[in-house]
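Spelled out, the chains give:
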Amino acid sequence: MSIKAASRYAKSLIDLASEQNVLEQVKHDMVLFEEVVDSHRELEAILKNPIVPLDKKSGIIKDLFGAHIHDISARFFQLVVSKGRSSILFEVAKQFVKQYQVMKGIVTAEVTSATALTADAKASIQAIVKREMQANEVVIKETVDANLIGGLVLKVGDKQFDASIAGSLNKLKKEFAQGIA
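All values derive from a computational prediction rather than experimental measurement. (Residues numbered from 1 in each chain as written. Predicted model: local features only at pLDDT ≥ 70, side-chain atom pairs only at ≥ 80, totals over all residues. Heavy atoms only, no water.)

Visitor: Tell me about the nonpolar core, residues and numbers included.
Guide: Judged by nonpolar contacts, the single largest core of 31 residues is most densely connected at Val-26, Met-30, Phe-33, Phe-77, Leu-89 and Phe-96. When contributions to this core are tallied by element, the ones reaching two or more residues are helix H1 (2-19), helix H2 (23-39), helix H3 (41-48), helix H4 (54-65), helix H5 (71-82) and helix H6 (89-104). If one sorts the elements of this core by residue count, H6 sits on top with seven residues. The residues touching Phe-77, leaving out its near neighbours within four places in the chain, are Met-30, Phe-33, Ile-61, Ile-69 and Leu-89. With twelve residues, the next largest nonpolar core counts Val-111, Ala-135, Ile-140 and Val-156 among its residues. (Core = buried A, V, L, I, M, F, W, Y, C linked by side-chain atoms within 4.5 Å. Buried < 20%, exposed > 50% of the residue type's maximum accessible area, 1.4 Å probe, protein only. Helix = DSSP H or I, 4+ residues; strand = E, 2+ residues; numbered from the N terminus. Contact = heavy atoms within 4.5 Å.)

Visitor: Tell me about the environment of Ser-82, residues and numbers included.
Guide: Tracing the sequence through the fold places Ser-82 in helix H5. For the pair Ser-82 and Asp-55, spaced 27 residues apart in sequence, the C-alpha separation works out to 7.9 Å.

Visitor: Could you give an account of the packing of H2 against H6, naming the residues involved and the relevant values?
Guide: Here H2 crosses H6 at 135°, and the two axes come no closer than 9 Å. Considering the angle they form, H2 stands oblique to H6. As for the relative orientation of H2 and H6, their crossing is left-handed in sense. Packed against H2, whose contacting residues are Leu-23, Glu-24, Val-26, Lys-27, Met-30, Val-31, Phe-33, Glu-34, Val-37 and Asp-38, the element H6 presents Leu-89, Phe-90, Ala-93, Lys-94, Phe-96, Val-97, Tyr-100, Met-103 and Lys-104 at the interface. Here the contact of H2 with H6 is built from residues that sort into 13 nonpolar, no polar and six charged. (Axes fitted to C-alpha atoms, helices over the stretch in contact; angles between N-to-C directions. Parallel < 35°, antiparallel > 145°, perpendicular 65-115°, else oblique. Left-handed = near helix turned anticlockwise from the far one by under 90°. Nonpolar A, V, L, I, M, F, W, Y, C, P; charged D, E, K, R; others polar.)

The structure is reproduced here in structure tokens:
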């Protein structure tokens, strides 16, 4: 239910920011808000806590972000808090970024590999994903997981391509188990 509401709020903010020709600045603000809340979970707890008065929540947001964000973003945050919907602000920021990326044709590719990717490997992955997903831009989020032994796991949206040695070993293990049973 809150994701639906957050999605609507995000859509309204995108429309307003586009209309005012400040979409890029507001997107930057939503990314900043998302990063700050993500790295300071106590802020999210405060925003979701119904016992904390609305004016306190509003003051905290104003103190943390007021000088660093566009006026439209600041007024939007104040409006959402004043309506008693501060609990969904973090989700609104995430939905805003998702909707912005869809609107601009930006695809996020999550790559998990056994070692850090080289610049050439990143470029190759970006080119392949860009071609296959018909995207304007590809953003790579890289994670290193030594448990993969070698290779990589590529995840784009709800699609996943597992070219890791650990994945191949698990697949082989399952095939042997089915063949023996």
